[in-house]
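Examination of the molecular architecture
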Amino acid sequence: MRRTVGVTAAALLTLVTACGGGGSSSGGTTLVGLVTKTDTNPFFVKMKEGAQQAASSAGATVQSFAGKQDGDNQTQVDAIENLIASGAKGILITPSDSKAIVPSVDKARAAGLLVIALDTPLEPASAADATFATDNYKAGLLIGQWAKSKFAKEGKQAKIALLDLNPNQVSVDVQRDQGFLEGFGVDVKDKARIGDESDPRIVGHDVTNGDPSGGRTAMENLLQKDPGVNLVYTINEPAAAGAYEALKAAGKEKDVVIVSVDGGCPGVNNVKAGVIGATSQQYPLKMAQLGVEAVSKFAKDGSKPQNTDTGVTLITDQPADGVESKDSAFGLQNCWG
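Residues numbered from 1 in each chain as written. Predicted model: local features only at pLDDT ≥ 70, side-chain atom pairs only at ≥ 80, totals over all residues. Heavy atoms only, no water.

For the rest of this paragraph, the subject is the overall build of the protein. A count of helices and strands for the protein gives 11 helices and 12 strands. Relative to the compact-globule value of 20 Å for 337 residues, the protein shows a C-alpha radius of gyration of 20 Å, a close match. Considering only contacts in the protein between residues 6 or more positions apart, those separated by 24 or more positions represent 71%. In the protein, 32 side chains carry a positive charge and 38 a negative one; their mean positions are 2 Å apart. (Helix = DSSP H or I, 4+ residues; strand = E, 2+ residues; numbered from the N terminus. Rg over C-alpha atoms; globule rule 2.2 N^0.38 Å. Contact = heavy atoms within 4.5 Å. Lys, Arg positive; Asp, Glu negative; His and termini not counted. Charge placed at Lys NZ, Arg CZ, Asp CG, Glu CD.)

The next subject is the packing of helix α7 (residues 212–225) against helix α8 (residues 237–249). Orientation of α7 relative to α8, taken along the N-to-C sense of each, is 45°, at an axis distance of 6 Å. The pairing of α7 with α8 is recorded here as oblique in orientation. Of the two elements, α7 crosses α8, and the hand of that crossing is right-handed. Across the interface between the two elements, Pro 212, Gly 215, Arg 216, Met 219, Glu 220 and Leu 223 of α7 pack against Pro 238, Ala 239, Gly 242, Ala 243, Glu 245, Ala 246, Leu 247 and Ala 249 of α8. In terms of residue class, the contact of α7 with α8 is built from nine nonpolar, two polar and three charged. (Axes fitted to C-alpha atoms, helices over the stretch in contact; angles between N-to-C directions. Parallel < 35°, antiparallel > 145°, perpendicular 65-115°, else oblique. Left-handed = near helix turned anticlockwise from the far one by under 90°. Nonpolar A, V, L, I, M, F, W, Y, C, P; charged D, E, K, R; others polar.)

Before going further, it helps to spend a moment on the nonpolar core. Formed by 30 residues in total, the largest nonpolar core has its most connected members in Trp 146, Phe 180, Phe 184, Leu 231 and Val 259. Elements with a contribution of two residues or more to this core: α5 (136–154), β6 (160–164), α6 (171–184), β8 (231–234) and β9 (257–262). For this core, the leading source of residues is α5, giving six residues. Ignoring anything within four residues of it in the chain, the contact list for Trp 146 reads Val 257, Val 259, Gly 277, Ala 278, Leu 314, Thr 316, Gln 318, Ala 320 and Val 323. (Core = buried A, V, L, I, M, F, W, Y, C linked by side-chain atoms within 4.5 Å. Buried < 20%, exposed > 50% of the residue type's maximum accessible area, 1.4 Å probe, protein only.)

All chains considered together, the criterion is met by five aromatic pairs. Chaining the aromatic ring pairs together yields one cluster made of Phe 151, Phe 180, Phe 184 and Tyr 233. It is Lys 191 that lies over the ring of Tyr 137; its NZ or CZ is 4.5 Å from the centre. Of note, Lys 326 hangs over the ring of Phe 330, and the distance from its end group to the ring centre comes to 5.5 Å. (Phe/Tyr/Trp six-rings, centres within 6.5 Å; stacked < 30°, edge-to-face > 60°. Lys NZ or Arg CZ within 6 Å of the ring centre and 35° of its normal.)

Bringing the pairing of strand β5 (residues 130–133) into the picture now. Of the two faces of β5, the one carrying Ala 130 and Phe 132 and the one carrying Thr 131 and Ala 133 are both buried. Two strands pair when backbone bridges link them, and strand β4 (residues 114–118) and β5 are joined in this way by three bridges, in the parallel orientation. Residue Leu 118 lies in a different strand from β5, and its bridge partner there is Phe 132. Bridge count between β5 and strand β11 (residues 308–309): two bridges; the pairing is parallel. When the sheet's bridge partners are listed, Ala 133 is paired in β11 with Asp 309. (Pairing = 2+ DSSP bridges.)

Right, let's get into the confidence of the model for the protein. Predicted confidence across the protein gives a mean pLDDT of 91, with 92% of residues reaching 70 or more. When the criterion is pLDDT under 50, residues 1–27 qualifies, and its contacts beyond four places in sequence or with other chains add up to 42 contacts. (pLDDT = per-residue confidence, 0-100.)

Judged by pairing direction, the sheet is parallel, and its six strands sit side by side in the order β2-β1-β3-β4-β5-β11 without closing on themselves. Across the chains shown, the open sheet's two edge strands, defined by having one partner strand only, are β2 (60–66) and β11. Where strand β3 (residues 90–93) and β4 come together, four bridges link them in parallel fashion. Each bridged residue has a counterpart across the sheet, and for Ile 93 the counterpart in β4 is Ala 117.

The next thing to look at is helix α3 (residues 73–85). The first and last C-alpha atoms of α3 sit 19 Å apart over 13 residues, in line with the 18 Å expected at 1.5 Å per residue. Asn 73, Gln 74, Thr 75, Gln 76, Val 77, Asp 78, Ala 79, Ile 80, Asn 82 and Leu 83 are the residues of α3 that are buried. With its phi angle positive at about 85°, Gly 87 sits one or two positions after the end of α3. (Expected span 1.5 Å × (residues − 1).)

This part takes up the side chain of Thr 120. For Thr 120, the position within the fold is in the loop between β4 and β5. Owing to a relative accessible area of 0%, Thr 120 belongs among the buried residues under this scheme. In terms of polar contacts, Thr 120 uses its side chain to reach the side chain of Lys 37, at 3.0 Å. (Polar contact = N/O pair within 3.5 Å; in protein donor to acceptor, adjacent residues only side chain to side chain.)

Each pair of packed helices can be described by the angle between their axes along with the distance between the axes. Put simply, helix α2 (residues 42–58) and helix α10 (residues 284–301) touch, their axes get as near as 7 Å, and they point 35° apart. The chirality of how α2 crosses α10 is right-handed. Taken together, the residues of α10 that come into contact with α2 (itself represented by Phe 43, Lys 46, Met 47, Glu 49, Gly 50, Ala 51, Gln 53, Ala 54, Ala 55 and Ala 58) are Pro 284, Leu 285, Met 287, Ala 288, Gln 289, Val 292 and Ser 296. In terms of residue class, the contact of α2 with α10 is made up of 11 nonpolar, four polar and two charged.

Right, let's talk about the pattern of salt bridges for a bit. Per the stated rule, a full pass over the model turns up 12 salt bridges. Across the pair Arg 216 and Glu 220 runs a salt bridge whose closest N-O atoms are separated by 3.3 Å. A residue pair is termed a helical-turn pair when its members lie 3 or 4 positions apart in one helix, as Arg 216 and Glu 220 do in helix α7 at four residues. Since its relative accessible area comes to 32%, Arg 216 is described here as partly exposed. In this structure, Lys 297 and Asp 301 form a salt bridge, with 3.0 Å as the shortest nitrogen-oxygen distance. Taken together, the residues span about one helical turn, with Lys 297 and Asp 301 both in helix α10 at a distance of four residues. (Salt bridge = Lys/Arg side-chain N within 4 Å of Asp/Glu carboxyl O.)

Next up, the structure:
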């Protein structure tokens, strides 16, 4: 299985180079590697676009790699090996497994490459030279605070379903989940672990792989556990779209509030349509642009960047008292995908 994945990564490297999207530093340009979790999620598509835009301005070249699905660590390991061998000056990575990828990152840094984590911090975060990311805890906190205010205003008791990423409990997954629960007023016990809460309002957790089919299956599972679910947290908007389809099939879409994180154009349109009550918008294009600029600067003078919070904005058309937000019109002006 690992050999097959390795061949896929090598083939991708060949394809990107042949198409002119890659290249080596021998031509005088700085080679930057972009390694994302997948190449289908609009978030990572926009990230790749941002990297390519910044590379054009900086006189750099980008080689892009992606896992087959969220959680595919081996393809990312193979990508790092390829980038070291290709003479890259730096790697921008959204880790699929923020712990398991660390030995490969250590190898890259020992070889003299600058490594910047985008969106998802490594564990420990110090394993990368810097992290350019949304404050994922704050992203979760905002949608939790919004939901708490909404339910309190309507005098409703919540029955909460949490649709997380995968069993690995990577940092972005944990931070969003725990931020949401704390924003809603749930005692999370161990802040670094998903699922150890004892609050009776929580129906349960399930995993989605961050995609619509996973979101639908997870929602179906939790509805079987308790058909009275009325508040759904999702790791991202593709998972939220799948959850909505499951709710609609069960005739419950009008009785359930969905909150999420991303701020992509499809997700913001779902806020406008009332499918998603609120979402925390993040800015992947900015993460990648800043990353390429930092690698280019490092290649010129050896300077290393500091950690950078790339911002988050709560998007909703149902503003809540005490929770700062923008409407879907703002969200559509600043969305991606």
